[in-house]
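# Examination of the molecular architecture
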Amino acid sequence: MNWDLRSYFPSFGGPEMREFKSALAADIAAVRKRAGAMARLSQRSGASWERIVLDHEDLIRRMSHLGSYINCLASADARNEAYRKEEAELTRLRAEMAKIRIELLRVLKDASEATFTRFLSRPALKGADNYLTRAREEARRSMPRDKEVLAADLAVDGLQAWGRLYETLSAKLEFDMEFPDGRSERLPMAQRRSLLDHPDRRIRRAAFEKGNAAWATIEDAAAAALNAIAGARLTLNRHRGVTDFLEIALFQAGISRATLDALLEGLFSRLEIPRRILRLHARAMGENGIAWYDLGAPLLPQHDSGPETGDRERDSRRKTEASASATGGVRAAIGLPWEDATALVARAFSNAYPALGSFFHTVIDKKWVDWEPRPAKRPGGFCTGSMLTGESRVFMTYNRSVRDVLTLAHEAGHAFHGHLMRDVRPYARAYPMTLAETASTFSELILVHGLLDDGSIGDEEKTRLLDMEAGYGAVYLLDVPARYEFEKAFYEERKTGELSVSRLKTLMAETQRRVLGDALVDGGEDPCFWISKLHFYITGLTFYNFPYTFGFLLSRGLYAMFEREREGFLPKYEALLRSAGSDTPENVVRKTVGCNLQRPDFWAQAVETLEQPIDRLERRLDQLRDSGGYLVPQA
């Protein structure tokens, strides 16, 4: 592994880790016992329940430390049975932890409004009011205590077990990649993503087709897992009196239905803007539309000689690495060494936002990132952290693509958010995913625009950056909404029974066709996307999709303000991040930067910010053609 995890524990399974885990388990049991024996919340019992709250927050800190550590290890080496066993034990420990919250929900549910208001006014609970208010709201739709305890126990070997099964299967999955020169190589599925971003369409198509063939080998297990996860949620909703499955998703996202409706209305009223991005790519390829595997395709070739394969590709890669080191330039796909990638991100961050740049240097210098491609690494990327140490860790697979550089900036944004909140109490750090994605996508914009303003970056590289910014717009505004529309339709149908593999494939293809419109070529859908997308199998959150579009558009709106106000905007932005768990996203944004998220025009205007990079990209491509430049040759 690349990262240094010794600040968590000196070694996995060592005495420090065992003692920490044992003490945590004992304290969870003790606090749960005390809470279970206590009477309802009243003026007389207020001090005792305050102690429960403070002890619960201490347990949250410690659980974050252990959980982050185990997650890091199990993600970096999913084949390690000891890590997987510890991960399963951690799930059980979290189930015990959840029972403390069940006791808290019990008393909050029964407390009168006056009693609850008095409890919130206690000085020791300052800053915890949003968490406790949300807990009271959740309590009002909770089952009786014994049923909630049973649900927490069953989730370990039910709902969460299905998610773990998918993670294990996907981490072990490999596919037989066939390159255009006839070379064949068996690759872990985690490396497929970068091949789908390759400038050579033949390679993208092969990665898509061969990857889907591999995913198809686990389609029955994946369908069983997806149906079971959704079925368990719908059953729990029924017992909790929840009639609309989106109610839970909105609660977890921290927003109202009016805000989601405003977001979707603003986006769909401007849907031709992201579709225009795809049509631009299709014209560049000489096609009538794009296929799903073209969503991450670059418009410019990586090397002057065009796409390479086999030994020629490796030779060209070495030349590209030397060039990148000498000029600091950006390369479109494979070829940028890790050290150069981190230097690019550091320079862009430091030029535009010195505090972010300084923090990023800390991330790299202290080895907080596991980045190299290895067998048995789980797909995807994430940022995790410990509330005890105030440190973060970033997990990703760096395959030398520009998208990977963006992933690094994205996850560093998450880490910076955690850094700003390092002194915030645990209850006030429980911010929803809608705001969690704000710092990450804002950091992506800092990187892209920082590089566009960098005098050492040539015109060709800047064209690639414009292409990348526009391409990300297409993903967040078309791909992600298609995931939302699929999941919504899936849950509607799941109410009446399980969906077959063939129905899931049809539903996915139909949704992609509806959202992307005629920008998607006939037959260009990805009917297996419901299998390959990890987000559908996350058991802790439902509808792990629309918050990404929310965060992307909110970030673009915030970045437009940053461009107008520059340094004067940053204190407001940091206040927004620090207060992300202290109020609803609507109130946090209104209080810190003055925007109304329940107005569709806010979201429509955020979509419109993409028109400038699209216009610039289109002009630049025309100039390339006129000057004898070229785009990526397509097969």
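Residues numbered from 1 in each chain as written. Predicted model: local features only at pLDDT ≥ 70, side-chain atom pairs only at ≥ 80, totals over all residues. Heavy atoms only, no water.

Across its full length, the protein chain carries 26 helices and five strands. For 635 residues, the compact-globule formula gives about 26 Å, and the C-alpha radius of gyration of the protein chain, at 25 Å, lands near that figure. Each principal axis of the C-alpha distribution contributes one length, and for the protein chain these read about 80 × 55 × 50 Å. For the protein chain, long-range pairs separated by at least 24 residues make up 75% of all intrachain contacts whose partners lie at least 6 apart in sequence. For the protein chain, the computed accessible surface area is about 24,900 Å², with 48% contributed by carbon and sulfur atoms. Averaged over its 90 positive side-chain charges, the protein chain has a centre that lies 5 Å from the centre of its 90 negative ones. (Helix = DSSP H or I, 4+ residues; strand = E, 2+ residues; numbered from the N terminus. Rg over C-alpha atoms; globule rule 2.2 N^0.38 Å. Contact = heavy atoms within 4.5 Å. Areas by Shrake-Rupley, 256 points an atom, 1.4 Å probe, with all protein chains shown as cover. Lys, Arg positive; Asp, Glu negative; His and termini not counted. Charge placed at Lys NZ, Arg CZ, Asp CG, Glu CD.)

Across the sheet, three strands lie side by side as E3-E5-E4; this open sheet has mixed pairing. The open sheet terminates on both sides in strands that have one partner only, identified here as strand E3 (369-370) and strand E4 (382-385). Direction of pairing for E4 relative to strand E5 (residues 392-395): antiparallel, over a ladder of four bridges. Considered in E5, the bridge of Thr384 is made with Arg393. Contacts between helix H2 (residues 46-76) and the sheet are confined to E3, E4 and E5, with E4 contributing the most and set at about 145 degrees to the helix. (Pairing = 2+ DSSP bridges. Axes fitted to C-alpha atoms, helices over the stretch in contact; angles between N-to-C directions.)

This part is about empty space enclosed by the protein. Scanning the model with the defined rule gives five cavities of 30 Å³ or more in all. Each pocket or cavity is described by its volume, and for the second largest cavity that value is around 90 Å³. Lining the second largest cavity, in full, are Leu406, Thr441, Glu444, Leu445, Val448, Met468, Glu469, Tyr472, Phe552, Ser555 and Arg556. Those elements giving two or more residues to the lining of the second largest cavity turn out to be helix H18 (433-452), helix H19 (459-494) and helix H22 (546-565). In terms of residue count, the dominant contributor to the lining of the second largest cavity is H18 (four residues). Residue classes in the lining of the second largest cavity are distributed as six nonpolar, two polar and three charged. (1 Å grid on protein atoms, 1.4 Å probe; cavity = no way out; pocket = protein on both sides within 12 Å on 5 of 7 lines; lining within 4 Å. Points joined across faces, edges and corners; volume = space filled by probe spheres on them. Nonpolar A, V, L, I, M, F, W, Y, C, P; charged D, E, K, R; others polar.)

Turning to the side chain of His410, a few remarks are in order. Considering the arrangement of structural elements, one finds His410 in helix H17 (residues 402-420). Contacts of His410, omitting those with residues within four sequence positions, involve Glu437, Ser440, Thr441, Glu444 and Tyr476.

Below, the discussion takes up the packing of aromatic side chains. By the definition in use, this model includes 39 aromatic pairs. Ring geometry for Tyr484 and Phe546: centres 5.8 Å apart, planes at 85 degrees, overall edge-to-face. Of this pair, Tyr484 sits in helix H19 while Phe546 is found in helix H22, placing the two residues 62 residues apart along the sequence. The residues Tyr484 and Phe546 share a single accessibility class, namely buried. A ring pair is formed by Phe602 and Trp603, whose centres lie 5.0 Å apart and whose planes are at 85 degrees; its orientation type is edge-to-face. Residues Phe602 and Trp603 agree in their burial class; the two are buried. Put simply, the rings of Tyr353, Phe359, Trp368, Phe416, Phe442, Tyr559, Phe562, Phe569 and Tyr573 touch in pairs and so form one group of aromatic residues. Here Arg141 stacks its cationic end above the ring of Phe251, 4.5 Å away from the centre of that ring. (Phe/Tyr/Trp six-rings, centres within 6.5 Å; stacked < 30°, edge-to-face > 60°. Buried < 20%, exposed > 50% of the residue type's maximum accessible area, 1.4 Å probe, protein only. Lys NZ or Arg CZ within 6 Å of the ring centre and 35° of its normal.)

The next subject is the pairing of E4. By the alternation rule, side chains of E4 split into Phe382 and Thr384, which are all buried, and Cys383 and Gly385, of which none is buried. Hairpin connection from E4 to E5: six residues lie between these consecutive antiparallel strands, with Gly390 at a positive phi of about 75 degrees.

The tally for this structure, following the rule as stated, stands at 60 salt bridges. We note a salt bridge from Glu167 to Arg378, for which the minimum N-O separation is 3.7 Å. Of this pair, Glu167 sits in helix H7 (residues 159-172) while Arg378 sits in the loop between E3 and E4, placing them 211 residues apart in sequence. Residues participating in the shared-partner salt-bridge network are Arg32, Glu96, Lys99 and Asp153. (Salt bridge = Lys/Arg side-chain N within 4 Å of Asp/Glu carboxyl O.)

Judged by which residues are buried, strand E1 (residues 174-178) turns out to be one-sided: Phe175 and Met177 face inward and are buried, whereas Glu174, Asp176 and Glu178, on the alternate face, are not. Bridge count for E1 against strand E2 (residues 184-188) is five bridges, and the pairing is antiparallel. From the neighbouring strand, Glu178 faces E2, where its bridge partner is Ser184. Between the antiparallel neighbours E1 and E2 lie five residues, among them Gly182 with a positive phi of about 95 degrees.

Further remarks concern the environment of Asn399. In this fold, Asn399 is placed in the loop between E5 and H17. Asn399 gets classed as buried once you look at its relative accessible area, which sits at 12%. Considering only alpha carbons, one finds Asn399 and Leu195, 204 residues apart in sequence, at a separation of 8.8 Å.

Turning next to the side chain of Asp526. Of note, Asp526 is situated in the loop between helix H20 (501-516) and helix H21 (529-532). No salt bridge is formed by the buried Asp526; the nearest opposite charge belongs to Arg192, separated by 5.1 Å. One polar contact links Asp526 to Asn212, side chain to side chain, over a distance of 3.0 Å. Excluding its chain neighbours within four sequence positions, the residues that come into contact with Asp526 are Phe208, Asn212, Trp292, Met508 and Gln512. (Polar contact = N/O pair within 3.5 Å; in protein donor to acceptor, adjacent residues only side chain to side chain.)

Moving on, we come to the environment of Met468. Looking at the element boundaries, Met468 is found in helix H19. Here Met468 falls in the buried class, since its relative accessible area comes to 11%. Linking Met468 and Asp4, residues 464 residues apart in sequence, is a C-alpha distance of 31 Å. In this structure, Met468 is in contact with Val402, Leu406 and Val448, ignoring residues within four places of it in sequence.

With that settled, consider unusual backbone geometry. The backbone of Lys367 sits at a positive phi, close to 60 degrees, despite the residue not being glycine. Structurally, Lys367 is set in the loop between helix H16 (354-365) and E3. Even without a glycine there, the phi angle at Arg566 is positive, about 55 degrees. Tracing the backbone shows Arg566 in the loop between H22 and helix H23 (570-578).

Attention shifts here to the packing of helix H3 (residues 81-110) against helix H5 (residues 129-139). For any two helices packed against each other, one specifies the crossing angle of their axes together with the interaxial distance. Packing of H3 against H5 brings their axes to within 8 Å, and their N-to-C directions diverge by 80 degrees. Judged on the interaxial angle alone, H5 and H3 are roughly perpendicular. From H3, Arg101, Leu104, Leu105, Leu108 and Lys109 reach across to H5, where they touch Tyr131, Leu132, Ala135, Arg136, Glu138 and Ala139. (Parallel < 35°, antiparallel > 145°, perpendicular 65-115°, else oblique.)

With that out of the way, let us pick up helix H6 (residues 145-157). If you check which residues of H6 are buried, you get Glu148, Val149, Ala151, Ala152, Ala155 and Val156. All buried residues of H6 project into a common sector of 160 degrees when viewed along the axis, lining one side. In H6, the exposed residues that point more than 90 degrees away from the buried face are Asp146, Leu154 and Asp157. Those residues of H6 hidden inside the fold are in contact with helix H1 (15-37), H3, H7 and helix H10 (219-239). (Arc of directions from axis to C-beta.)

For the rest of this paragraph, the subject is H16. Residue pairs spaced three or four apart in an α-helix point in one direction, given the helix's 3.6 residues per turn. The first and last C-alpha atoms of H16 sit 16 Å apart over twelve residues, in line with the 16 Å expected at 1.5 Å per residue. When H16 is considered as a whole, its buried residues turn out to be Leu356, Gly357, Phe359, Phe360 and Val363. Projected down its long axis, H16 shows its buried positions confined to an angular sector of 165 degrees, all on one face. In this structure, H16 carries Pro354 and Asp365 as exposed residues pointing more than 90 degrees from its buried face. (Expected span 1.5 Å × (residues − 1).)

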